[in-house]
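# Descriptive analysis of the structure
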Amino acid sequence: MNALFLAQAEEPQNPLVPHLDELVIGLIAFVIVFGFLAKKLLPNINKVLEQRREVIEGGIEKADAAQTEAQSVLEQYKAQLAEARHEAARLRQEALEQGTVLKEELRAEGQRQREEIIAAGHAQLEADRKQAAHSLRQDVGKLATELAGKLVGESLEDHARQSRTIDRFLGELEEKAEAAR
């Protein structure tokens, strides 16, 4: 071996080709380091990677479950919103119908009150007309009695006779007025 070393020492060495003894030592060191890493470090790395994978998969499953739950809650809210809109439309329709009915009732009540007022006015007018006719009849009767008394020359102050005469005279006038119509 000595001779081999000497022969190799005399030869110019290529920097790209390592010596055989360096290659063997490097290979032994590599196997020792690789074995140590494979025995001690690799199981820990695999364990951490497995835990991370489980956490990630669990997170994905949780996210999927949360998304599914959120979707179902969203659907429930949409259903409740649609129901609330339907209920609001129904209440709006009922209010409109009640408003229409109330308007009709108020209109009918107003019409009834108007008719009562008109009827009361007609009754008052009729009473006033009768009162005026009665007052006019008395006044015309007095004037006629006084005039007749002045024409006849005697007093026609007897009330019973005066009333009969006046009633008979006015009755004849009313009959002539009705016959003329």
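None of the values given here were measured: they were computed from a predicted structure.

### Describing a nonpolar patch on the surface
A cluster of nonpolar side chains, contributed by Val 33, Phe 36, Leu 37, Leu 41, Leu 42, Ile 45 and Leu 49, occupies part of the molecular surface with about 620 Å² of accessible area. Here Leu 37 is to be found in helix α2 (residues 20–152). The exposure class of Leu 37 is partly exposed, given its relative accessible area of 36%.

### Some details on the packing of aromatic side chains
Taken as a whole and judged by the stated rule, the model has 1 aromatic pair. Between the aromatic rings of Phe 30 and Phe 34, the centroid separation amounts to 6.1 Å while the plane-to-plane angle is 20°, which identifies the pairing as stacked. Pair noted here: Phe 30 and Phe 34 are both in helix α2, with a separation of 4 residues, about one helical turn. One exposure class covers both Phe 30 and Phe 34, and it is exposed.

### Looking at the pattern of salt bridges
Throughout the structure, instances matching the rule amount to 8 salt bridges. Among the ionic pairs, Arg 90 bridges to Glu 87, the shortest N-O distance being 2.2 Å. Taken together, the positions of Arg 90 and Glu 87, both in helix α2 and 3 residues apart, correspond to about one turn of that helix. Across the salt bridge formed by Glu 104 and Arg 107, the nearest N and O atoms sit 3.0 Å from each other.

The rules behind these values
- Residues numbered from 1 in each chain as written.
- Predicted model: local features only at pLDDT ≥ 70, side-chain atom pairs only at ≥ 80, totals over all residues.
- Heavy atoms only, no water.
- Patch = residues over 30% accessible without salt bridge, like charges linked within 9 Å, V, L, I, M, F, W, Y side chains within 5 Å.
- Areas by Shrake-Rupley, 256 points an atom, 1.4 Å probe, with all protein chains shown as cover.
- Salt bridge = Lys/Arg side-chain N within 4 Å of Asp/Glu carboxyl O.
- Helix = DSSP H or I, 4+ residues; strand = E, 2+ residues; numbered from the N terminus.
- Buried < 20%, exposed > 50% of the residue type's maximum accessible area, 1.4 Å probe, protein only.
- Phe/Tyr/Trp six-rings, centres within 6.5 Å; stacked < 30°, edge-to-face > 60°.

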